[in-house]
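# Reading the structure
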Amino acid sequence: MWVQILCGLVIYKICKKLFYDDDVLDVETSDSNAIFSVAARLEKLYKGKAYVGLRIPDPDTGSRQNIDIVLITKGEAVVISVKNLSGFVTVNADGSWVCEAVGRHRSAAHPDPVADAKKQASILESYLEQREVALPEGYLSYKVIIPNPKFRVINASYFPPEVISYDQWMLMKSENKSMLSGWIKGAFRGGNKFFTMCRLEVKGNKHVLGEFLEFKGKQEDIQALRYIKRSKVSRLDVQKTSMFGLAPSRLQVLYSSRDYRSEGASSEWNEVTVRSSTEVLFQPVNSTKVRKFKLSSVTSMSLSA
């Protein structure tokens, strides 16, 4: 009997390895997808520009502060923190939140999201002032948006006005705030290397924000990919070819060199071919764990400088 159980476990692990993608953590992708979804809806509602996944130098700590979204319109700039929480949330006296997952009897503590968003706005304002961009009084604000329909709270009045609950988020209507404020939009140019996180897109239209570290695989493939570094390449796309639905043994990697003159991607694309077993080492934002993604599961990756 034990032999049958062990054999069953071995077969399960083999099948899982062959047919399922273990590389993508649901929490990481769902959080990143929520940020992109919120950004897209904000642009549609306010006719503005939403900058996603920013990293701003913090002079107090010497590190970089992660910001989910900065929305810029003619009338305002808003630092937005997206909390993709699912479950019942209570607010403590110190402003921190406790989220208890439904049916799991497991809770997670979250430092005061409003205080965090306020700090992010302050760091961004200081950074812009260093770049000689003086903001008018009241131009920069901050919000915390909760886009998850499974978010529950006993009394929404416990939240400060900076928090937009799921119900409020669904009721938001379009406002005509067209024409971006060019002088602040320009502040995001010329210094993009300080701002944008790397963005990994994997199959299933899932996204992960964070930092690209390196490739892992056969020495021959690593040598072929040696040019793909954040300082040299702005984007890569992965193309797969297969016959009769079989998994491809090799992948085509197309990459665009970084053009610092236009502060974007070059119009010229280069191509290398590597084994499908090649892996991407990527550290998701707000995670201490480095993740390995099979290159065969990746559709594209945008790299920060």
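Residues numbered from 1 in each chain as written. Predicted model: local features only at pLDDT ≥ 70, side-chain atom pairs only at ≥ 80, totals over all residues. Heavy atoms only, no water.

Counting secondary structure elements, the chain contains six helices and 17 strands. Out of the 305 residues in the chain, the part that is buried amounts to 40%. Long-range contacts, defined as pairs at least 24 residues apart, comprise 62% of the intrachain contacts of the chain with a sequence gap of at least 6. For the chain, the accessible area works out to roughly 17600 Å², and carbon and sulfur atoms hold 52% of it. (Helix = DSSP H or I, 4+ residues; strand = E, 2+ residues; numbered from the N terminus. Buried < 20%, exposed > 50% of the residue type's maximum accessible area, 1.4 Å probe, protein only. Contact = heavy atoms within 4.5 Å. Areas by Shrake-Rupley, 256 points an atom, 1.4 Å probe, with all protein chains shown as cover.)

Strand order in the open sheet formed by five strands is E1-E2-E3-E7-E9, and the pairing between neighbours is mixed. Looking at which strands have only one partner, the edges of the open sheet turn out to be strand E1 (49-57) and strand E9 (163-164). On top of the sheet, helix H3 (residues 113-130) reaches E1, strand E2 (64-72), strand E3 (77-82), strand E7 (140-145) and E9; it is set at about 150° to E7, its chief contact. (Pairing = 2+ DSSP bridges. Axes fitted to C-alpha atoms, helices over the stretch in contact; angles between N-to-C directions.)

This structure, assessed with the given rule, holds six salt bridges. One salt bridge in this structure joins Glu211 and Arg55, with 3.3 Å as the shortest N-O distance. A residue pair is termed long-range when its members are at least 10 positions apart, and Glu211 in strand E11 (residues 206-216) and Arg55 in strand E1 qualify at 156 residues. Given the relative accessible area of 16%, Arg55 is considered buried. Salt-bridge contacts for Arg235 lead to Asp237; the nearest nitrogen and oxygen are separated by 3.1 Å. In the salt-bridge network here, residues are joined through shared partners; they are Arg55, Glu211 and Arg230. (Salt bridge = Lys/Arg side-chain N within 4 Å of Asp/Glu carboxyl O.)

Before going further, it helps to examine H3. With 18 residues, H3 should reach 26 Å at 1.5 Å per residue; the first-to-last C-alpha distance of 26 Å fits that figure. Of the residues making up H3, those classed as buried are Pro113, Val114, Ala117, Gln120, Ala121, Ile123, Leu124, Tyr127 and Leu128. The distance from a side-chain oxygen at the start of H3 to the backbone nitrogen of Val114 is 3.0 Å, and the residue carrying that oxygen is Asp112. Glu132 sits one or two positions beyond H3 and adopts a positive phi of about 60°. (Expected span 1.5 Å × (residues − 1). Polar contact = N/O pair within 3.5 Å; in protein donor to acceptor, adjacent residues only side chain to side chain.)

Positionally, Lys119 belongs in helix H3. Since its relative accessible area comes to 44%, Lys119 is described here as partly exposed. Residues Lys119 and Val79, spaced 40 residues apart in sequence, show a C-alpha to C-alpha distance of 9.9 Å.

Counted according to the given criterion, the structure contains five aromatic pairs. Judged by centre distance (6.3 Å) and plane angle (85°), the rings of Phe282 and Phe293 are edge-to-face. Of this pair, Phe282 sits in strand E15 (residues 279-284) while Phe293 sits in strand E16 (residues 291-294), placing them 11 residues apart in sequence. Take Phe282 and Phe293: they sit in the same class, and that class is buried. Three or more aromatic residues joined by ring pairs make a cluster, and in this case those are Trp97, Phe151 and Phe159. Above the plane of the ring of Trp169 lies Arg41, whose end atom (NZ or CZ) is 4.6 Å from the centre. Positioned above the aromatic ring of Phe293, the side-chain terminus of Arg291 is 5.7 Å from the ring centre. (Phe/Tyr/Trp six-rings, centres within 6.5 Å; stacked < 30°, edge-to-face > 60°. Lys NZ or Arg CZ within 6 Å of the ring centre and 35° of its normal.)

A word on the nonpolar core. Counting 23 residues, the largest nonpolar core has Ile228 and Leu295 as its most contacted members. Of all the secondary structure elements, the ones that give two or more residues to this core are strand E10 (198-202), E11, strand E12 (233-240), strand E13 (250-259), strand E14 (264-275), E15 and strand E17 (298-302). Beyond its immediate chain neighbours, meaning those up to four positions away, Leu295 contacts Phe215, Val238, Leu251, Val253, Val274, Thr278, Glu279 and Val280. By size, the runner-up hydrophobic cluster in this structure holds 21 residues, among which are Val82, Ile145, Trp169 and Met172. (Core = buried A, V, L, I, M, F, W, Y, C linked by side-chain atoms within 4.5 Å.)

A few words on the sheet that holds strand E6 (residues 106-110). Within the open sheet, the four strands sit side by side as E6-E5-E4-E8. Their pairing is mixed. Both edges of this open sheet fall to E6 and strand E8 (151-153), since each of them pairs with a single strand only. Across the sheet, the mean angle separating the axes of adjacent strands is 30° when strand polarity is ignored. Sheet analysis places strand E4 (residues 87-91) next to E8, joined by three bridges and oriented parallel. Within E8, the residue paired with Gly87 across the bridge is Phe151.

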